[in-house]
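# Coordinate inspection notes
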Amino acid sequence: MRLPFRLLFLSASLSLFSHMATAQAMAQQTATPSKANTEQPTTPAALRAFQPNSKALPYGHDTALVIADAKTGSILYSQREEQFQPPASTQKMVTALAAQLYLGKDYRFTTQLEQLEDDIVLRFSGDPALSRQQLALLLSKLKAHTGSTITGDLLLNGSQFSGYEQAPGWPWDILGVCYSAPSSSLSLEHNCVQGALYSNQAVGETTRVNIPSHQPLTVTTSARVTTKEHQKANHCDLELKDKGSNHYHLSGCLIKRDKPLPLNFAVQDTQAYISNVIKAELKRLGIKLQGEIKRDDSAKGKVIARHHSAPLHELLDTMVKDSDNLYADNIAKTIGAKYFQQPGSFANASKAIKAILKDKADIDLDRAVIVDGSGLSRNNRMTASQMMEVITYLYNHDDTLNLLATLPVSGQSGTLRYRQSLRHKPLQGRIHAKSGSLYGTYNLAGLIKAQSGQTLLFVQMVSNYFPPERDDSLPAIAPPIEVFERTLYKGLYQQY
């Protein structure tokens, strides 16, 4: 019978000794370890020659690391494993495990059309994969019931979720990236719009912005084209502000460049965005709406058509491999909604995830700080040992969960395809892991297949990583985190 990870961890820890201890201290087996040594990494005899190259990391870093034998669960190396750290996107494995255990691999999001007398109700479920094309196909089913005219209103029901669409601890200044798209029951086209900013004009002129004409979004710019020298001397950066009603304004400076700068705009008003898309699609379908498009979370009618998302196991594969925040947060809120039988929110999602993992996996995350499903919030905190419990459970129950297949593979897929520290031989294809990055944070959690064929589980949490600013005039060198990771995982690969 395999012991729970916490008991294995305790059992292994009792037999380990500090890698910093001297030969004299090791001989004194009855001596009590000093307080200083209790903070040092613990390493069994099998890994005495293996030491992570922490010197490669810049001064002030905080690194937690746990390495375990996948077969026995024994801890081979640990360092600051009980220190709380920002998990970043490795937290998605917590969300994935809770979703698979509670919702089940065949769960699907459902978006449906309902008829309520003269009104039409469009009920959203927070489907993070819902596309404009799928919505248009659903709307095309209206003609069979209403003809070419909707005599009443079209009511948007978003009662599946409630509360904030941005979790506590999300940065306010990341409107220009899709990973900050709001978690809303009214989700469409990933709640994000792509565009481009052109600065191929003369220095001093105003940049030009382009948004596809079918996108109901307004973007204006007063940003000026500048030189690299002027930008650096005047600390003039490109800034993006939300002016309300899905109107975004760019200001500041952009260095002159021949190719356009790709932009993404996280949709802030999902209701207005979806309403405008629906108007355009109804017009294209030749359906006239005599009433208005309104939000009504209490509206309920007779179902006339449905759209089902892909099954959960496919959504989780996208969520983990692409590190998709909207998928993770909408799935987390759905867990909260189903578990508590109330509209899903970041608050009840966190409580539901913890309860599910404790009840179904014997993983206690009561002391962990979980405020979203994606790991984007700077408020999240987990220890490396807690994350190792999750990874160990995934490994031990892969025959039923099949979640290891969702992990990116070094040099081959997902967020590890181009990770410089891992993409080349001998590590290429050997590491299956979830990455996680925030400002100053670089995490990895998963497994590595060593050259002997042995599988090791690992959790790496590097925070407070702030290398000195490099001089652009000097030859390019690998960043410290790249050197650290390459040395660490090549060492593990070769040691075993």
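Report follows, based on the coordinates.

Calculation criteria
- Residues numbered from 1 in each chain as written.
- Predicted model: local features only at pLDDT ≥ 70, side-chain atom pairs only at ≥ 80, totals over all residues.
- Heavy atoms only, no water.
- Helix = DSSP H or I, 4+ residues; strand = E, 2+ residues; numbered from the N terminus.
- Buried < 20%, exposed > 50% of the residue type's maximum accessible area, 1.4 Å probe, protein only.
- Contact = heavy atoms within 4.5 Å.
- Areas by Shrake-Rupley, 256 points an atom, 1.4 Å probe, with all protein chains shown as cover.
- Pairing = 2+ DSSP bridges.
- Axes fitted to C-alpha atoms, helices over the stretch in contact; angles between N-to-C directions.
- Disulfide = S-S within 2.5 Å.
- Core = buried A, V, L, I, M, F, W, Y, C linked by side-chain atoms within 4.5 Å.
- Parallel < 35°, antiparallel > 145°, perpendicular 65-115°, else oblique.
- Left-handed = near helix turned anticlockwise from the far one by under 90°.
- Nonpolar A, V, L, I, M, F, W, Y, C, P; charged D, E, K, R; others polar.
- Expected span 1.5 Å × (residues − 1).
- Salt bridge = Lys/Arg side-chain N within 4 Å of Asp/Glu carboxyl O.

Here we take up the overall build of the protein. A tally of helices and strands in the protein yields 13 helices and 21 strands. Evaluated residue by residue, the protein yields a buried proportion of 51% over its 496 residues. In the protein, once contacts between residues fewer than 6 apart in sequence are set aside, the share between residues at least 24 apart is 70%. Of the roughly 23,100 Å² that the protein leaves accessible, carbon and sulfur atoms contribute 50%.

Glancing now at the sheet that holds strand β5 (residues 110-116). The strand order across the open sheet formed by five strands is β17-β8-β6-β5-β18, and the pairing between neighbours is mixed. A strand with exactly one partner marks an edge of an open sheet, and here the two such strands are β17 (293-295) and β18 (302-308). If you compare each strand with its neighbour and ignore which way they point, the axes differ by 20° on average. Examined bridge by bridge, strand β8 (residues 154-157) and β17 share three bridges and lie parallel to one another. The residue bridging Leu155 from the neighbouring strand is Lys294, located in β17. Of the strands in this sheet, β6 (119-123), β8 and β17 are in contact with helix α7 (residues 270-285), which crosses β8 at around 140°.

Evaluated as defined, the whole model comprises two disulfides. Here Cys178 is linked by a disulfide to Cys192, with a sulfur-sulfur distance of 2.1 Å. Torsion about the S-S bond of the Cys178 and Cys192 cystine: about -85°, corresponding to left-handed handedness. You can see Cys178 sitting in the loop between β8 and β9 (192-198) and its partner Cys192 sitting in strand β9, a full 14 residues away along the chain. What makes Cys178 partly exposed here is its relative accessible area of 24%. Of the residues examined, Cys192 reaches a relative accessible area of 8% and is grouped as buried. Across a sulfur-sulfur distance of 1.8 Å, Cys236 and Cys253 are joined as a disulfide pair. Between Cys236 and Cys253, the S-S dihedral sits near 85°, and the bridge is therefore right-handed. Note that Cys236 is positioned in the loop between α6 (228-234) and β13 (238-242) and Cys253 in strand β14 (residues 247-255), a separation of 17 residues in sequence.

The next thing to look at is the nonpolar core. Membership of the largest hydrophobic core comes to 51 residues, with the highest contact counts inside it found for Val94, Ile331, Ile335, Leu357, Met387, Val390 and Leu394. Those elements that provide at least two residues to this core are β3 (62-69), α3 (92-102), α8 (312-321), α9 (325-340), α10 (346-361), α11 (384-396), β20 (441-449) and β21 (455-463). With seven residues, the single largest contributor to this core is α11. When near neighbours in sequence (up to four residues on either side) are disregarded, Val390 contacts Met93, Val94, Leu97, Leu357 and Ile363. Phe124, Leu138, Ile211 and Ile293 belong to the second-largest nonpolar core, a separate cluster that totals 37 residues.

It is at 8 Å that the axes of α8 and α9 come closest, and there the two elements cross at 135°. Between α8 and α9, the crossing angle belongs to the class labelled oblique. Considering how the two elements wind past one another, α8 and α9 form a crossing that is left-handed. Between α8 and α9, the residues in contact are Leu312, Leu315, Leu316, Thr318 and Met319 and Tyr327, Ala328 and Ile331, respectively. By residue class, the composition of the contact of α8 with α9 is seven nonpolar, one polar and no charged.

All right, on to α7 then. In this model, α7 (16 residues) spans 22 Å end to end at C-alpha, consistent with the 22 Å of a helix rising 1.5 Å per residue. Once α7 ends, the next one or two residues include Gly286, with phi positive near 75°.

With the rule as written, the count across this model stands at 13 salt bridges. Note that Asp297 and Arg295 form a salt bridge whose closest N and O atoms lie 2.7 Å from each other. On the basis of relative accessibility, which here comes to 35%, the residue Asp297 falls in the partly exposed class. On the accessibility criterion, Arg295 (33% relative accessible area) is partly exposed. A salt bridge links Arg486 to Glu482; its shortest N-O distance comes to 2.5 Å. On the criterion of helical spacing, the pair formed by Arg486 and Glu482 is a turn pair, its members being four residues apart in helix α13 (residues 480-495). A network of salt bridges, in which partner residues are shared, links Arg132, Glu281 and Arg284.

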